[in-house]
Amino acid sequence: KKPELTLNAVIPFGSLRCELSEGDAPVPGFSFDDFEPIGGDSTEFRLRWKGDLNSLVSSGKWFKLHVEMTDSEVYAVNGDFDFTINRRAWMYDRL
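Described in the following lines is the structure provided in the data block.

1. Focus on the sheet that holds strand 1 (residues 5-11)
Here three strands make up an open sheet; going across it, the order is 4-1-6 and the pairing antiparallel. The strands lining the two open edges of the sheet, one partner per strand, are strand 4 (40-46) and strand 6 (73-79). For this sheet the average axis-to-axis angle between neighbouring strands, irrespective of direction, equals 10°. Pairing geometry for strand 1 and strand 6, over six bridges, is antiparallel. Across the sheet, residue Val10 finds its bridge partner in strand 6, namely Glu73.

Spelled out as structure tokens, the structure:
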């Protein structure tokens, strides 16, 4: 089975792009500019980039998922991956 990363999101009139990074730099083939645009309303938007997600996952490295959006809402991130949340992020102080 190929690895997948999906979003449950509503993007009625805005935009949403994703990027995978390692450290402070985007992974080649997985930058915002390499992302295939999505729009509308779905519980399973498949996130796709120009890069090969299967090769990236098989490297066993940890990556950050960045989401850039306007006039959009994200309800969930799903996939065949281990997820962690940066508890030091400023927004989690309010949860």
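2. Observations regarding the pattern of salt bridges
Following the criterion strictly, the structure yields four salt bridges and no others. Measuring nitrogen to oxygen at the nearest pair gives 2.8 Å for the salt bridge that ties Arg17 to Glu68. In this pair, Arg17 sits in strand 2 (residues 15-22) while Glu68 sits in strand 5 (residues 64-70), placing the two residues 51 residues apart along the sequence. Take Arg17: its relative accessible area is 29%, and that puts it in the partly exposed class. Glu68 sits in the partly exposed class, given a relative accessible area of 37%. With a shortest N-O distance of 3.9 Å, Glu22 and Lys61 are connected by a salt bridge. Of this pair, Glu22 sits in strand 2 while Lys61 sits in the loop between helix 1 (53-58) and strand 5, placing them 39 residues apart in sequence. Of the residues examined, Glu22 reaches a relative accessible area of 39% and is grouped as partly exposed. Salt bridges sharing partners connect three or more residues here, namely Arg17, Asp33 and Glu68.

3. Brief notes about the nonpolar core
Counting residues in each nonpolar core, the largest one holds 16 residues, and the members touching the most others are Leu7, Cys18, Phe30, Ile38, Leu47 and Trp49. Of all the secondary-structure elements, those providing two or more residues to this core are strand 1, strand 2 and helix 1. Those residues in contact with Phe30 that sit more than four places away from it in its chain are Cys18, Glu19, Leu20, Trp49, Gly51, Asp52, Leu53 and Leu56.

Analysis parameters
- Residues numbered from 1 in each chain as written.
- Predicted model: local features only at pLDDT ≥ 70, side-chain atom pairs only at ≥ 80, totals over all residues.
- Heavy atoms only, no water.
- Pairing = 2+ DSSP bridges.
- Helix = DSSP H or I, 4+ residues; strand = E, 2+ residues; numbered from the N terminus.
- Axes fitted to C-alpha atoms, helices over the stretch in contact; angles between N-to-C directions.
- Salt bridge = Lys/Arg side-chain N within 4 Å of Asp/Glu carboxyl O.
- Buried < 20%, exposed > 50% of the residue type's maximum accessible area, 1.4 Å probe, protein only.
- Core = buried A, V, L, I, M, F, W, Y, C linked by side-chain atoms within 4.5 Å.
- Contact = heavy atoms within 4.5 Å.

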